[in-house]
Structures are given as C-alpha cells and as structure tokens.
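# Remarks on the overall topology
Spelled out, the chains give:
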Amino acid sequence: MSWMPCLIREVNGVDLRTLSLGHPLIDDYLSFVGARGRRNTWLAIAFDLKVFFTVVPKDPAEVSTADVFAFIKAQRAGRRGEKVVRLEDGEPGLAARTIKRRLSSISGLYAYLIARGDAGVAANPVPRGLATRRANARPGARGVPLIRAPRTLPRVLAPTEVNRLTAALRTNRDRAMVDAMVLGALRRCEVLGLQLSDLHPGEKRVFIAEGKGGHQRIVPVSGRFFSNVADYLDGERPTTTTTQLFVALKGSRRGEPLSAAGLDQIIRGARQRASLDHLTCHQLRHTCLTRLREAGMALEAVQAQAGHRSIESTRIYLHLANDWLTTEYTKAVNAIEAAEEAMPGGEG
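Residues numbered from 1 in each chain as written. Predicted model: local features only at pLDDT ≥ 70, side-chain atom pairs only at ≥ 80, totals over all residues. Heavy atoms only, no water.

## So, the layout of surface pockets
Leftover empty space is mapped by rolling, across the atoms, a probe with the size of a water molecule. The computed volume of the second largest pocket comes to approximately 490 Å³. As for the second largest pocket, its lining consists of 15 residues, of which Arg173, Lys250, Gly262, Gln265 and Ile266 are closest to the centre. Those elements that provide at least two residues to the lining of the second largest pocket are α6 (172-182) and α9 (260-273). Among the elements that take part in the lining of the second largest pocket, α9 stands out by supplying five residues, more than any other. Partitioned by chemical class, the residues of the lining of the second largest pocket number four nonpolar, five polar and six charged. (1 Å grid on protein atoms, 1.4 Å probe; cavity = no way out; pocket = protein on both sides within 12 Å on 5 of 7 lines; lining within 4 Å. Points joined across faces, edges and corners; volume = space filled by probe spheres on them. Helix = DSSP H or I, 4+ residues; strand = E, 2+ residues; numbered from the N terminus. Nonpolar A, V, L, I, M, F, W, Y, C, P; charged D, E, K, R; others polar.)

## Concerning helix α3 (residues 65-76)
Over its twelve residues, α3 extends 17 Å from the first C-alpha to the last, a length consistent with the 16 Å expected when each residue adds 1.5 Å. Within the span of α3, buried status applies to Asp67, Val68, Phe71, Ile72 and Gln75. Seen along its axis, α3 keeps its buried residues to an arc of 145 degrees; they face one direction. Residues of α3 that are exposed and angled more than 90 degrees away from the buried face: Ala66 and Lys73. (Expected span 1.5 Å × (residues − 1). Buried < 20%, exposed > 50% of the residue type's maximum accessible area, 1.4 Å probe, protein only. Arc of directions from axis to C-beta.)

## Considering the pattern of salt bridges
Overall, the coordinates contain 14 salt bridges when judged by the stated rule. Across the pair Asp179 and Arg224 runs a salt bridge whose closest N-O atoms are separated by 2.8 Å. On the criterion of sequence distance, the pair formed by Asp179 in helix α6 and Arg224 in helix α8 (residues 223-235) is long-range, its members being 45 residues apart. Residue classification places Arg224 among the partly exposed residues on the basis of a relative accessible area of 39%. Measuring nitrogen to oxygen at the nearest pair gives 3.1 Å for the salt bridge that ties Arg315 to Glu312. Through salt bridges with shared partners, a single network forms among Asp28, Arg116 and Asp118. (Salt bridge = Lys/Arg side-chain N within 4 Å of Asp/Glu carboxyl O.)

## Side note on the pairing of strand β4 (residues 205-208)
Of the two faces of β4, the one lined by Val206 and Ile208 is fully buried and the one lined by Arg205 and Phe207 carries no buried residue. Counting the residues that bridge the hairpin from strand β3 (residues 199-200) to β4 gives four residues, and of these Lys204 lies at a positive phi of roughly 55 degrees. Pairing of β4 with strand β5 (residues 217-220) involves four bridges; the strand directions are antiparallel. When the bridges of β5 are listed, Phe207 appears paired with Ile218. (Pairing = 2+ DSSP bridges.)

## Things to note about the nonpolar core
Of all hydrophobic cores here, the largest spans 38 residues; its most connected members are Leu194, Val206, Phe225, Phe246, Ile267 and Leu284. Every element with two or more residues in this core is listed here: α5 (159-168), α6, α7 (188-192), β4, α8, α9 and α10 (281-294). When residues of this core are assigned to their parent elements, the largest contribution, six residues, is made by α6. Excluding residues within four positions of it along the chain, Leu194 makes contact with Leu186, Val206, Phe207, Ile208, Phe225, Thr243, Gln244, Leu245 and Phe246. In this structure, Trp3, Val33, Leu103 and Ile106 belong to the second largest nonpolar core, which totals 32 residues. (Core = buried A, V, L, I, M, F, W, Y, C linked by side-chain atoms within 4.5 Å. Contact = heavy atoms within 4.5 Å.)

## Some details on the environment of His286
You can see His286 is positioned in helix α10. Classification of His286 as buried rests on a relative accessible area of 14%. Discounting chain neighbours no more than four positions away, the residues touching His286 are Pro154, Arg155, Val156 and Tyr317.

Nothing here speaks to function; it is geometry throughout.
If you want it as structure tokens, here you go:
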C-alpha cells in the first residue's frame, strides 16, 4: 500500500491540539510524542516524517534500509543546482544537522512501532552507523556515523553590533526581549514563555518554567532588563487577560501572547535598520554566554545560566572566548620559557 502524507494541525486558539499525517500508526505515534514532548519538538518530528514519507511513499512496515539510504541521497541533492553550495560545509543539499535530525525522527518512529509489537515492524530501518573497518572494535560500537555534521562555532555579535541593534529597537518591550537574550542568555521559546509571575525584580532573577526539554531553572538577569520591562508594563502593554509577559502591541492580535513569528519579525526589522548582515535570537544567546565566559564567569556557572544538561554543551564557549584562550596560552608559554631559561646552558 502506498500513501501520501498530509500534515493536518488542529488548534484551539494558540494551543496546538493534534497533529496527523493520515496514517493510523504514524498518527498514534504523533499523539504519543505530543503527550510527552514540547510543541516545537512535536512539530519538527511531524514535519520530518511528512518529508520522509513524501520521498518514500510506502507503508511504514514496507520501508527498508535501502529506502533510508535513498532518502539520505535525496536530501543531499542540490536545491539550487549542484554549483550552489553552503560556505559552512561546501554541500549543495540540506545541512547535515537537518538530515541527522530527520533520521532521528524516523528512527524514533520505528522504535515506537517495534515496541508496540502489532505494527508488523521487527527491525529499525535506520542504521545506527556503518560498520567500522577495525576487526577489534568493541561490542556495541556504532562505527562510522551515517551523516557527518561539521563542528562549527556559533556566530557572536561584537559589542558595537549589540549597541547598533539596541539603538534600532523601537519599543521597551522589544528592548526587554533582546536584553533577556543578550544579557540573560534566554532561548527564544523561554522569552516568549515568560509569565508575569516569573519575574523577581527585587532579586534581579527570572524563573524559567519551560526550558529546553521541560527543565526549569532560576537565572539572574541584568537590571537593564527589569528596567525595560517596567517601562513596557507601565506605558505599552495593553489591557489583557493573558498572564504572558510579552504580548502583541497592535494589529488584530493586540493583547494576545507574542508568537515566535512575531519575535522573528521584530529581530529581522531591527537587523535591517542596524545594517547587520546576520542576526538570530540564538545568536544573541551565544553572544551573552561568550561574553560571560570572557569576563571570567566559571564554566559551571555558564552552564547553569545556559540551562545545559551537560557541561560538554558549554565547552564551546571556551573556544569562543578569545581572551580566555589567549590568557591560558600566554601563561603556559611563559612557564615553558621560564623552565628553558632555568636549564643549564639556558639564556638565563
């Protein structure tokens, strides 16, 4: 049996109620994901599965590993011609990280179908990796990964660029949201998820109730953020029944919670007015965490501020913090040179 997926969303106001693709097994899986995952994760998995079963229009039980490899090949195909490639990795197709995420979504579906035991699926068609050439590889080793994603450093803004961005913002609400990211390292979803009750101005701290993966944390944020929030609440925020901190200030959605698309539009407009080549909400977060590390904040404290579950996710800011690397290198070189000079026959 072949079928073509159609992504259907059922919403109630701003709440996403259900997601379906038109296949009973896949729709059951999406219900399972929706009950335990975050909204953005739910949407991403649904879209990834739609893409996969559009390229591979088969019943889930009929999908083979060969189909998965054909899907990878299709995703790597050039979207704007083979001669148009990304500077990041020189590839013409989708970014490796996107393909890896889609394979993870597909693999998750099949893990669910195998666990059910009634879907006619006995094995996951998505390999964990290719076999290694080493004959003495340890049992359980994944071997060569299906997709190699380049390890790149995130972009950060220079202090002058942050100043230009701030000057280009038009409302206290917008300044407060940018401050939350560039001074508090909040994620976009965390900024939009803030409730009025999450603010603790006397302590200069913010409660993050809906962090990544559902994890909660309390983080300090600069007094400038709370000052802009106070000005926004006093003179800009319309009367509304919502407890969301940041709401739309005009238009048909005035007084309703600000959406991700709305925040992106604000950032995009400010970027253009500030004549910045590239700017995203996540770039503001990276900028904050890099500057905190450069200023001497302990890596474990940066981890807590960022809400990283693993210190490995935070170590990237060691590489971004140029002052830290220069200082550590200078200390090491000075020690080496001092030891050499102290040796018999040295210059000392």
